[in-house]
Amino acid sequence: MTTVNTRESAGDQTVGAKKTGGFTATAANYIDERTSISGAVKELGRKIFPDHWSFLLGEVALYSFVIILLSGSFLTFFFQASMAEVVYDGSYAPLKGIPMSVAMSSTMDISFDIRGGLLMRQVHHWAALLFVAAIGLHMLRIYFTGAFRKPRELNWVIGFILFILAMAEGFTGYSLPDDLLSGNGLRIIDGLVKGIPVIGTWTSFLLFGGEFPGTDIVGRLYSLHILLLPAIIVALIAMHLLFVVVHKHTQYPAAGHTNQNVVGYPVLPVYAAKAGGFFFIVFGVVMLIASLFTINPIWNYGPYDPSPVSAGTQPDWYIGFADGAMRLIPPGWEVVWLNHTYSLNIVVVLAVVGLFIVTVMVYPFIEAWITGDKREHHVLDRPRNAPTRTAIGAAGVTFYASLWAAASSDIMATHFHLTMEGVIHTLQATTLLGPILAFFIAKRVCLALQKKDREIVLHGYESGRIVRLPGGEFVEVHQPVDEYERWKLVSYSDFKPLMLRPNAQGKIGPAEKVRAGLSRWFFEDRITPVTQTELNRAHGDHPSAITDQEHQSAITDK
Amino acid sequence: MTTIKKTRAHRPSKTGRRHPLASVALIAIGLLFTGGAYAAFSTSTAVATTDASSQQTIAEGEKLFAANCATCHGLSAQGSTEGPSLIGVGAASVDFQVGTGRMPMQMQGPQAQKKPVQFTSEQIAALAAYVASLAPGPAIPAAELLDAAAGDAANGAELFRINCAMCHNVAGAGGALTEGKFAPAIENVSAQHIYEAMITGPQNMPVFNDMNITPEDKRDIITYLKYVEDNPSPGGLALGSLGPVAEGLFIWIFGLGAIVALTVWITAKSN
Amino acid sequence: MVKDDNGAEDVTAADSPGDSLAPIAASTAVVTRDSLVNPGFPPHRPRITDLDHKEERKAERAVYTLFYVSIVGSVFAIAAYMAFPIVPEDPGSVRLNNLFIGLGLSLALLAIGIGAVHWGKALMSDHEGVDERHPVRGTEPVRARAVEIFQQANEESGFGRRTLIRNSLIGALVVFPLPAVVLFRGLGPMDQNPVDLLNETMWKKGVRLTMDPSGTPIKASDVTLGSSFHVIPEGLSEMEHGRLEEKAKAAVLLIRMDPADLVESEERKTWSYQGIVAYSKICTHVGCPVALYEQHTHHLLCPCHQSQFDVENHCKVIFGPAKRALPQLPIAVDAEGYLIAQSDFTEPVGPSFWERA
């Protein structure tokens, strides 16, 4: 079995093309003599990318970001980030003559007086929602397939920071129009910041340039939104992609896929056609949604004013989990001690959300410490083959989903004819108990699936056909699984719980004890992959299985 | 642990139906009508309407009342343990409650819900005339106060945001109240019913008397609501005007859903 | 050879993950000699476009048709830009403008995308390629050279040797960003203190309660049973500067209840007037306007985080994350029958903060 199988030699065509005449060759020569670009083409032009739908989720995020940059640039030509008061005199009758900030008024003008302006606003906002959603889904894929393992731990951290920055971009952008909905959102931020012990009051005062709402916040958020945050995001995306090139993409376990190769299509031409085409598809889908569905109708919300509020005041989805966490706090969580107010109803939310975020960010390092596995991993785990990790993920998703659902507690109450108190109490319970339940269910499901895989490898699929043997015995014919499918089912890493051994001084340190405990928790329930011996034995006593001899010859033929 | 989980999960739906809420709602409705009566005495809409209706209509209304309403509200509308007194609630209250189908109530719940109207407009007028004849109360508003074309949508929108949007949502899509009650969506509600709701304060809605929101201001609010109704959302379908929750669900299910389906197509091997 | 933590020594199977890239500890991973062998790539299955020339032509036609469709979409979008202008005061025209430009662009984009992908899938070579992986870490000579470079630099600069220079540099680098921190003090006005500002609102003795947004003063007799008025202090609606900042603290909800329903403490008996009570509208949780008043239950609900306050009992919290009751504004009636404030709020309104006691 060969690990390297370079079916097409890289670079030949490009070099060849440059020797022939014509405009393309002249242009290529001109550029290469000034940039040495041929080297990059040689290195990257036939670089292999594996093909799987789940590998495109990160691209969705990237493309959404490009769409956001394009539509956002258009919006900056019209938007004015000022909180100076003007009287609206645009085209939308129900706001005519109403005092509002220049920010709101210019956003109204983009929506109602510039052709295609509303379309660009909606493209921008829908793409922003998609951006964060795609990052979320991409992260779930990375997590559940174990793609964060060595050597990709740092890239997980970069990606995670990008996720946080995307949410920050989203929130700052949501606040810019200075409408009633986003103004109440900022009001909540103000209240949240004020509740932080010691520094809260002054932080809010400096953030808003005086008392809330002040006349500075929109301008300040604007420079964060269009300058600082995008610059950091672009830099981190560049780093993120650079690491993808350095590490080469992971691949799913499959016949012929090894830890030393990467199997897929070359950048030029197939991957370029697919990935390039996919950009237009994502853009097209966002454009279609923007042309058919309203998003953030600020004309309904009206300008920000601290007195009114709308029923169903919610943040955009990605802030929902934090807003939901605030709603789930039971009454009375605030104490006055030594002449200072401790707003536990805020501090606990910040602590829990913060802890959750940090845990997710450092998870790769935790798992690496527990397994002690220092090997590089380029072949992904099928989620079932890492039952404890998958179960932890399921618990985390349940926890997040509970908080997220809580942010729409009032909408759930009205739409499902429940009491809002009942919804909140139920979600308080699911937030605390749901993750535990999800952990056990997910772990059992994974183990059951692994057992099923073993059965299939050893005895084949149940065909449903019953035959009578000459001895009068009835057996069900099992359809044997082919060797390629079988490889997918047996090729995974198996871990044993860590056994404690004294170090050179004959001692066992507390850290090692913790590690051993965690290792036991991780790996005590394990289903080992089928070995050759087991397979031989199974085939030996099963009439319908193909013999091992046939296998060996099939492999050696290659 | 599983059983605990289950009971918890089911609790809200139960509390929604047979919580002590039924009695709370009853008391609420009782208070509502006495409140309405109080309001009637001190607002400018408190016009004695008995003169306007002929004795014949009143007699007809009395018969309808005895047959359909008296079980709960008492034979002479004095109220009972089942329903509040209707003395002094005025014709506007009857027109709103019966004209939107809220009365007669089908079953006790956190609040009376909108449903198909049970009576013809003549019958509703007769009932209203009868109840109005018992004591003065808010009258059915005159047509010129309901003319959406004559109002100022911008003023109406501002008043709506300050006085109404916190319960009914800025786009009139409705919202949740405590203990299973809710502020209903007010899209496609007739101008007359909107006006009557403001002056009578049905269910848990506060009363907006003419000192608080003048009749012209009320008309402006109607103008705004009709403007929103007549001019569909400029950005395209409004997703129920529910705001970011609907938008977030939409992008996850349909936006990202469609894109994931496309990624599967892109990476599937061609035939 | 790999040694695992369980003390077992074993040879890695030829194809188990993680071998041969580097002889690195697998720790608790089980490495077995007996694992199955990777069967190698399955046989290549040709596509219909590889076998049938007619199908290939059909795919080719589909691709260029899609690209032409995209041009049609772009032209349609340009035409829609001109054909569906925005008519002032007509939101319907905005809807059409948005819809048709958008549909044209969607068509233009989707057709390019689908065409390109179809080209890639059906017509371009579908033979998979294979790249070889190398360990991410540099090769030993490279790493050795890198270490050497650093050592040489250390030698030549004396970074490790001249500790005084090094440490003073580190000190300077630590201190130099501090002025930036000071500069950020200027984000807020220099002559104000947030704690003082939070302790006062526009309300003071004799200020009339007026309606939001008109500023019309309110007579006690106007506030009928079951009413709720949204109130701002007299003079706020005419303010040129700082109107929203004052409103964010001074907004009040005025409610009239049956005096029999009010459970008032001794010291606050004089704060209401014939069942009329005034409470701050700013939630004590994080500051949303608490404006949802239920006429019969006398509950106030905050629509942001569902805190509920009981107006009968001095707006104490009965549900939700808020802790403190809404501050009450003491009110009275002046000689002309208008409602006035007796004083400012007796405690800071709105969200809790550290310095609040």
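About the cut-offs
- Residues numbered from 1 in each chain as written.
- Chains lettered and ligands numbered in written order.
- Predicted model: local features only at pLDDT ≥ 70, side-chain atom pairs only at ≥ 80, totals over all residues.
- Helix = DSSP H or I, 4+ residues; strand = E, 2+ residues; numbered from the N terminus.
- Rg over C-alpha atoms; globule rule 2.2 N^0.38 Å.
- Buried ≥ 20, exposed ≤ 12 C-beta atoms within 10 Å, placed from the backbone.
- Contact = placed C-beta atoms within 7 Å.
- UniProt positions renumbered as here; feature names shortened; annotations may be inferred.
- Nonpolar A, V, L, I, M, F, W, Y, C, P; charged D, E, K, R; others polar.
- Pairing = 2+ DSSP bridges.
- Domains from an automatic or database assignment.
- Core = buried A, V, L, I, M, F, W, Y, C linked by C-beta atoms within 7 Å.
- Axes fitted to C-alpha atoms, helices over the stretch in contact; angles between N-to-C directions.
- Parallel < 35°, antiparallel > 145°, perpendicular 65-115°, else oblique.
- Left-handed = near helix turned anticlockwise from the far one by under 90°.
- pLDDT = per-residue confidence, 0-100.

(A) Region of the structure containing the overall build of chain C. Per the secondary structure count, chain C includes 8 helices and 15 strands. The globule rule puts the C-alpha radius of gyration for 357 residues at 21 Å, and the 38 Å found for chain C is more than 25% above it. With respect to the three principal axes, the spread of C-alpha positions in chain C is 95 × 75 × 50 Å. Relative to its 357 residues, chain C shows a buried fraction of 44%. Of all intrachain contacts in chain C linking residues separated by at least 6 positions in sequence, the fraction that spans at least 24 positions is 53%.

(B) View of the overall build of chain B. In terms of helices and strands, chain B carries 11 helices and 4 strands. Counting the 271 residues in chain B, one finds 55% classified as buried. Sequence separation of at least 24 residues holds for 74% of the intrachain contacts in chain B that already meet a minimum separation of 6.

(C) Layout of the UniProt feature "binding site: heme c 2" (unreviewed entry) in chain B. Here, UniProt's "binding site: heme c 2" (unreviewed entry) annotation points to Cys164, Cys167 and His168 of chain B. Along the chain, the position of Cys167 of chain B falls in helix α8 (residues 165–168). We classify Cys167 of chain B as buried; it has 27 C-beta atoms within 10 Å. Dropping the residues within four chain positions of it, Cys167 of chain B is found in contact with Ala311 of chain A, Gly175, Leu177 and Ala183 of chain B together with Leu292 of chain C. Its location among the elements puts His168 of chain B in helix α8. Judged by local crowding, His168 of chain B falls into the buried class, with 24 C-beta atoms found within 10 Å. Contact partners of His168 of chain B, with chain neighbours within four places excluded, come to Ala311 of chain A together with Gly174, Gly175, Ala183 and Ile186 of chain B.

(D) Main features of the UniProt feature "transmembrane region" (unreviewed entry) in chain B. If you check UniProt for "transmembrane region" (unreviewed entry), the listed places come out as residues 249–268 of chain B in our numbering. Summarising residues 249–268 of chain B: 95% helix, 0% strand, and an end-to-end C-alpha distance of 27 Å.

(E) Representation of the UniProt feature "transmembrane region" (unreviewed entry) in chain C in the model. All names here are of chain C. Using the residue numbers shown here, the UniProt feature "transmembrane region" (unreviewed entry) corresponds to residues 63–87, 99–119 and 169–188. Between the first and last C-alpha atoms of residues 63–87 the distance is 39 Å; the span itself is 84% helix and 0% strand. The span residues 169–188 is 65% helical and 0% strand by assignment, and the distance between its end C-alpha atoms comes to 33 Å.

(F) Representation of the interface of chain A and chain C within the structure. Listed by partner, the interface residues are 122 residues for chain A and 98 residues for chain C. Looking at which element gives the most residues to the side of chain A that touches chain C, the answer is helix α11 (residues 267–292) of chain A, with 15 residues. Each residue belonging to the side of chain A that touches chain C can be placed in one class, and the counts come to 56 nonpolar, 41 polar and 25 charged. Across 2 bridges, the pairing between strand β9 (residues 494–495) of chain A and strand β3 (residues 29–30) of chain C is antiparallel. Bridged to Phe495 of chain A within β3 of chain C is Ala29 of chain C.

(G) Region of interest: the interface of chain C and chain B. The interface is formed by 36 residues belonging to chain C together with 33 residues belonging to chain B. Those elements that provide at least two residues to the side of chain C that touches chain B are α1 (48–51), α3 (91–123), β6 (228–233), β9 (292–293) and β10 (299–301) of chain C. The dominant element in the side of chain C that touches chain B, judged by the number of residues it contributes, is α3 of chain C, at 9 residues.

(H) Quick look at the domain arrangement of chain C. Once the domains are mapped, chain C shows domain 1 (1–36), domain 2 (54–123), domain 3 (141–171) and domain 4 (197–341). In this structure, domain 2 of chain C and domain 3 of chain C have C-alpha centres spaced 61 Å apart.

(I) Inspection of unusual backbone geometry at higher detail. Of note, the bond from Phe212 of chain A into Pro213 of chain A is cis; its omega dihedral lies within 30 degrees of zero at -5°. Within the element layout of this structure, Pro213 of chain A appears in the loop between α9 (200–207) and α10 (217–247). Even without glycine at this site, His417 of chain A takes up a positive phi of about 55°. Mapping His417 of chain A onto the fold places it in the loop between α16 (409–415) and α17 (420–459). Positive phi, close to 60°, is recorded for Ala77 of chain B, a residue that is not glycine. With respect to the helices and strands, the residue Ala77 of chain B is situated in the loop between α4 (70–73) and α5 (90–99). With 23 C-beta atoms packed within 10 Å, Ala77 of chain B lands in the buried category.

(J) Examining the nonpolar core more closely. Judged by nonpolar contacts, the single largest core of 273 residues is most densely connected at Phe131 and Val286 of chain A, Val131 of chain B together with Leu254 of chain C. Ranked by residue count, the leading element in this core is helix α6 (residues 117–144) of chain A, at 18 residues. Aside from chain neighbours lying at most four places away, what touches Val131 of chain B is Ala77, Leu86, Val89, Ala91 and Val94 of chain B. In terms of nonpolar packing, the next biggest core, distinct from the first, is built from 7 residues, Val457, Trp487, Leu489 and Val530 of chain A among them.

(K) Representation of the sheet that holds strand β13 (residues 328–329) of chain C. Residues and elements named next belong to chain C. The strand order across the open sheet built from 5 strands is β5-β6-β7-β8-β13, with neighbouring strands paired in antiparallel fashion. The open sheet is flanked by β5 (209–211) and β13, the only strands paired with a single partner. Relative to β6, β5 is paired through 3 bridges, and the arrangement is antiparallel. Paired with Leu209 across the two strands is Pro233, which belongs to β6.

(L) Seen up close, the environment of Glu60 of chain C. Residue and element names in this part refer to chain C. You can see Glu60 is positioned in helix α2 (residues 53–83). The class of Glu60 is partly exposed, set by 15 C-beta atoms lying within 10 Å. Between the C-alpha atom of Glu60 and that of Pro179, which follows or precedes it by 119 residues, the distance is 65 Å.

(M) Representation of the packing of helix α7 (residues 153–175) of chain A against helix α14 (residues 344–371) of chain A in the model. Residues and elements named next belong to chain A. The contact between α7 and α14 brings their axes to 8 Å, and the two run at 165°. The angle between α7 and α14 falls in the class roughly antiparallel. Along this stretch, α7 crosses α14, giving a crossing that reads as right-handed. Across the interface between the two elements, Glu153, Trp156, Val157 and Phe160 from α7 touch Val360, Met361, Pro364, Phe365 and Ala368 from α14. Looking at the contact of α7 with α14 residue by residue, the class counts come to 8 nonpolar, no polar and 1 charged.

(N) Fine view of the sheet that holds strand β12 (residues 316–319) of chain C. All names here are of chain C. One open sheet holds the 4 strands; their spatial order is β9-β10-β11-β12, and the pairing between them is antiparallel. If you trace the sheet from one side to the other, it starts and ends with β9 and β12, each paired once. Pairing between β10 and strand β11 (residues 308–310): 3 bridges, direction antiparallel. Residue pairing in the sheet places Leu300 in a bridge with Phe309 of β11.

(O) Structural view of the pairing of strand β8 (residues 474–479) of chain A. All names here are of chain A. Sheet topology places strand β7 (residues 461–468) next to β8; 5 bridges connect them, and they run antiparallel. In the strand pairing of β8, Glu462 is matched with His478. The antiparallel hairpin formed by β7 and β8 contains 5 residues in its connecting segment, where Gly472 sits at a positive phi of about 95°.

(P) Looking closely at the confidence of the model for chain B. Residues and elements named next belong to chain B. Taken residue by residue, chain B gives an average pLDDT of 81. The fraction at 70 or more is 80%. Taken element by element, chain B is modelled with least confidence in helix α1 (residues 2–18), mean pLDDT 41, and with most confidence in helix α11 (residues 244–267), mean pLDDT 95. Note on residues 1–18: pLDDT under 50 across the span, and 21 contacts to partners over four residues away in sequence or across chains. Note that residues 34–50 has pLDDT below 50 and, in this model, 53 contacts with residues that lie over four places away or in other chains.

(Q) The arrangement of the environment of Lys488 of chain A in detail. Turning to its location among the elements, Lys488 of chain A is positioned in helix α18 (residues 483–490). The spacing of Lys488 of chain A and Pro50 of chain A is 438 residues in sequence and 16 Å in space, taken between C-alpha atoms.

(R) A look at the UniProt feature "domain: Rieske" (unreviewed entry) in chain C. The UniProt entry lists residues 249–340 of chain C under the feature "domain: Rieske" (unreviewed entry), expressed in the numbering used here. Along residues 249–340 of chain C the backbone is 2% helical and 32% strand, and the end-to-end C-alpha distance reaches 17 Å.

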